[in-house]
Amino acid sequence: MRYILFGEDAPDGLAKRLTVRAAHRARLDQLQSEGRLVLAGPMPAIDAQDPGPAGFFGSLIIAEFASLAAAQDWLAADPYVTEGVYVRTSVRPFKQVYPQ
């Protein structure tokens, strides 16, 4: 099943985000190579492609996991969680209808 994994950045998240970005992206690359990643990306804190020092509000990942627990475990082990980039996270089941 597909799940939405959401992380909301901590106030000082940008500096931490930049430090562990490569490790975070390596985990996303692994999901992609397994054919499980639907989409992933950050949400700029301002209305701009490159928010600069304003940083990001958070990130959204939609991916396939065997269960809700598996998705929660994956997110809990992500460097953005373990290194304090995110102040809050959530995982929810997702039923994709479009595009078909």
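Look up a bit, the structure's there.
What comes next is a walk through the structure. (Residues numbered from 1 in each chain as written. Predicted model: local features only at pLDDT ≥ 70, side-chain atom pairs only at ≥ 80, totals over all residues. Heavy atoms only, no water.)

### Notes on the sheet that holds strand β2 (residues 37-44)
Quick note on the threshold: A pair of strands is treated as paired once DSSP finds two or more bridges between them. Going along the chain from the N terminus, every DSSP run of H or I of four or more residues is numbered as a helix, and every run of E of two or more is numbered as a strand. Axes, fitted as lines to C-alpha atoms, cover a helix only where it is in contact. Angles between the N-to-C directions of the axes lie from 0 to 180 degrees. What makes two residues a contact is simply this: any of their non-hydrogen atoms within 4.5 Å.
Across the sheet, which stays open at both edges, the four strands sit in the order β2-β3-β1-β4 with antiparallel pairing between neighbours. Whereas interior strands pair on both sides, the edge strands pair on one side only; in this sheet they are β2 and β4 (86-94). Strand-to-strand twist of the sheet, defined as the mean angle between neighbouring strand axes without regard to direction, takes the value 10°. The sheet contact formed by strand β1 (residues 2-9) and β4 spans eight bridges and is antiparallel. The residue bridging Phe-6 from the neighbouring strand is Ser-90, located in β4. Taken strand by strand, helix α1 (residues 13-33) contacts β1, β2, β3 (56-64) and β4, and its axis lies near 10° from that of β3.

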